[in-house]
Amino acid sequence: QFDHLGRLWMGGHCGYTLMDKNGKLTQVKLPVRKNLFDVWYLFEDSKKRMWIGTFQGGLFMYDGQIHEMDKELGLEDETFLAITEDRFGNIWLGNLRGVDIWDGKKIRHLDESSGLASDLVYVIGPDKDPDQMWVGTNQGMNKINIKVLFEENKIESIQSSRCFSVVTVIWI
């Protein structure tokens, strides 16, 4: 993931590596908790904050300093496999329990009981229609109407039994 400064962020074991424009590498270790973990997802939001999702290590956010966001937001999961932002500035967090959506003040949680195909969310991505968001799970995918979700507090979505990645991933 390249950030607004042109640095390449690469996830790794218990942290990440930054490569600046000159090719200089800097390794950064994240706070280790009870589990050893790997960084699985990096996402820079519109406020130029880098979100760092891990497998079994929590959720972090970098805005000049590291924040342990799963703790700050009171999230129950320690695995975050997908992170994105909608056009309203809400941060969508895919995890093993569904999707948590943070509006900057509070968390909204979506799972199978809300209408998701499954609680295990692998990928989240915006549709070409800015009012729609795709959520890919191990049991299918949902196309969620964001306006209906926030205005009527319900998931109005198209559900499919097949899921394919909706983002490009580069493994180095």
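Further up the page is the structure itself.
In what follows, the accompanying structure is described. The shown structure was predicted, so the numbers you read here are calculated from the model rather than taken from an experiment.

On to the pairing of strand β6 (residues 59–62). On a regular strand, each side chain points to the face opposite its neighbour's, so the side chains alternate between the two faces of the sheet. Both strand β5 (residues 50–55) and β6 contribute to a ladder of 4 bridges, which runs antiparallel. If you follow W51 over to β6, its bridge partner there is M61. Turn length for the β5-β6 hairpin, with the two strands adjacent in sequence and antiparallel, is 3 residues, and the turn residue Q56 shows positive phi of about 70°. Inspection of the sheet shows β6 paired to strand β7 (residues 66–68) by 3 bridges, in the antiparallel sense. Following the sheet pairing, M61 is matched in β7 by H67. What sits between the antiparallel neighbours β6 and β7 is a turn of 3 residues, in which G64 has the positive phi angle 115°.

Counting residues in hydrophobic clusters, the biggest one holds 14 residues, and the most contacted among them are W92, V99, L110, L116, I124, V135 and I144. Put simply, the parts of the chain that give this core at least two residues each are β10 (98–102), β12 (121–126), β13 (132–137) and α2 (146–152). The contacts of V135, once residues within four sequence positions are left out, are W92, V99, L116, V121, V123, I124, G140, M141, N142 and I144. Listed in part, the 13 residues of the second largest apolar core include W51, F80, I83 and L93.

The next thing to look at is the packing of aromatic side chains. Applying the stated criterion across every chain yields a total of 5 aromatic pairs. Both rings, one in W40 and one in F55, keep their centres 5.0 Å apart while their planes meet at 20°; by these two values the pair is stacked. Placement of the pair is W40 in strand β4 (residues 38–44) and F55 in strand β5, with a sequence separation of 15 residues. Relative to W102, the ring of W51 lies with its centre 5.9 Å away and its plane at 65°, an arrangement referred to as edge-to-face. Placement of W51 in strand β5 and of W102 in strand β10 is noted, with a sequence separation of 51 residues between them. Each member of the aromatic cluster is reached from another via a ring pair, and the members are W9, Y16 and Y62.

To continue, consider the sheet that holds strand β11 (residues 107–110). Across the sheet, 4 strands lie side by side as β8-β9-β10-β11; this open sheet has antiparallel pairing. The open sheet has two free edges, formed respectively by β8 (80–85) and β11, since each of these has just one partner strand. On average, adjacent strands in this sheet sit at an angle of 20° to one another, irrespective of strand direction. With 5 bridges joining them, strand β9 (residues 91–95) and β10 adopt antiparallel strand pairing.

Looking now at the environment of V123. Here V123 shows up in strand β12. Take V123: its relative accessible area is 7%, and that puts it in the buried class.

What counts as what
Residues numbered from 1 in each chain as written. Predicted model: local features only at pLDDT ≥ 70, side-chain atom pairs only at ≥ 80, totals over all residues. Heavy atoms only, no water. Pairing = 2+ DSSP bridges. Helix = DSSP H or I, 4+ residues; strand = E, 2+ residues; numbered from the N terminus. Core = buried A, V, L, I, M, F, W, Y, C linked by side-chain atoms within 4.5 Å. Buried < 20%, exposed > 50% of the residue type's maximum accessible area, 1.4 Å probe, protein only. Contact = heavy atoms within 4.5 Å. Phe/Tyr/Trp six-rings, centres within 6.5 Å; stacked < 30°, edge-to-face > 60°. Axes fitted to C-alpha atoms, helices over the stretch in contact; angles between N-to-C directions.

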